[in-house]
Amino acid sequence: MGVFIKFRCDEGGSHEALSSAWKYVILHACNGKDETQIQAIRSGCLLDFKWQFEKLQRFGFMAISGDFDVYFKIHPDDRACTLILHAFNLSLIALIKNPLLLASQMAGGRLTMKYEGEKLPVVIRFEDDARFWLVNRDKVVGSVAVSSKDGAHWDPVTKALLSAGNPCLTVFGGHKGDV
């Protein structure tokens, strides 16, 4: 999971409590206002592809969005987190249809940072981890969806998707005519 977080359910333990811990760990760390813990959840959760991928599959986009909202109350100018959340927002239609498309969306151009003055290493790592999952999805240990039989996926050949950091805030779908 994250760098400092290891969830385990002992025999007789509550899976509901485990699920709650996974869902609310960022909220609790941010509410504790300990900067060491906040930086740990930033690197080990918010900017970690595997954490985000698992959380998306377990709890959906709103849980991820809520995590970023809580974090932004403390660090509103964190550019790397802003870009990751923007990439999620641009990918929302695809992710609602199938959360397994997260890797394809991130590797398909959402994180190219072509609108940024400098490339952020943590965002590059997030994109690299997404690409790694696409190549090795049948071998990624601990993943909820470790088999390509678990759903559709798209292996991007080029980075053609609209990149985070551009003026477009979200992508609409399922409508006819002007919006």
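Everything numeric in this text was worked out from a predicted model, so none of it was measured.

## Concerning the overall build of the chain
Here comes step 1: For the chain, the count of helices and strands is eight helices and zero strands.
Here comes step 2: In the chain, the order of α-helices and β-strands from amino to carboxyl end is α-α-α-α-α-α-α-α.
Here comes step 3: Every one of the 179 residues in the chain was classed for burial, and the buried ones make up 43%.
Here comes step 4: Considering only contacts within the chain whose residues lie at least 6 apart along the sequence, 67% involve residues at least 24 apart.
Here comes step 5: Total accessible area computed for the chain in this model is approximately 9,800 Å², and 56% of it derives from carbon and sulfur atoms.

## Remarks on the packing of aromatic side chains
Both the distance between ring centres and the angle between the ring planes are used here to describe each pair of aromatic rings.
Here comes step 1: Using the criterion set out here, one finds five aromatic pairs in the structure.
Here comes step 2: Three or more aromatic residues joined by ring pairs make a cluster, and in this case those are Phe49, Phe53, Phe126 and Trp133.

## A short note on the packing of helix 5 (residues 79-90) against helix 7 (residues 102-110)
Here comes step 1: Contact geometry for helix 5 and helix 7: axes closest at 10 Å, N-to-C directions at 110 degrees. Classified by the angle between their axes, helix 5 and helix 7 sit roughly perpendicular to one another. For the pair helix 5 and helix 7, the crossing hand works out as right-handed. Two secondary-structure elements touch here, helix 5 through Ala87, Phe88 and Leu90 and helix 7 through Leu102, Met106 and Arg110.

## Section: helix 8 (residues 121-136)
Here comes step 1: Taking 1.5 Å per residue as the helical rise, helix 8 with its 16 residues ought to reach 22 Å, and the 22 Å between its terminal C-alpha atoms agrees with that figure.
Here comes step 2: Every buried residue belonging to helix 8 is among Val123, Phe126, Glu127, Ala130, Trp133, Leu134 and Asn136, and all of these are buried.

## Remarks on the environment of Arg42
Here comes step 1: Relative to the helices and strands, Arg42 is located in helix 2 (residues 35-46).
Here comes step 2: As for Arg42 and Ile26, which are separated by 16 residues in sequence, their C-alpha atoms are 8.7 Å apart.
Here comes step 3: Apart from residues no more than four positions distant in its own chain, Arg42 is found in contact with Leu47, Tyr71, Asp78, Ala80, Cys81 and Val122.
Here comes step 4: Among the polar contacts made by the side chain of Arg42, one reaches the side chain of Asp78 at a distance of 2.5 Å.

Basis of the calculations
- Residues numbered from 1 in each chain as written.
- Predicted model: local features only at pLDDT ≥ 70, side-chain atom pairs only at ≥ 80, totals over all residues.
- Heavy atoms only, no water.
- Helix = DSSP H or I, 4+ residues; strand = E, 2+ residues; numbered from the N terminus.
- Buried < 20%, exposed > 50% of the residue type's maximum accessible area, 1.4 Å probe, protein only.
- Contact = heavy atoms within 4.5 Å.
- Areas by Shrake-Rupley, 256 points an atom, 1.4 Å probe, with all protein chains shown as cover.
- Phe/Tyr/Trp six-rings, centres within 6.5 Å; stacked < 30°, edge-to-face > 60°.
- Axes fitted to C-alpha atoms, helices over the stretch in contact; angles between N-to-C directions.
- Parallel < 35°, antiparallel > 145°, perpendicular 65-115°, else oblique.
- Left-handed = near helix turned anticlockwise from the far one by under 90°.
- Expected span 1.5 Å × (residues − 1).
- Polar contact = N/O pair within 3.5 Å; in protein donor to acceptor, adjacent residues only side chain to side chain.

The analysis is restricted to geometry; functional conclusions fall outside its scope.
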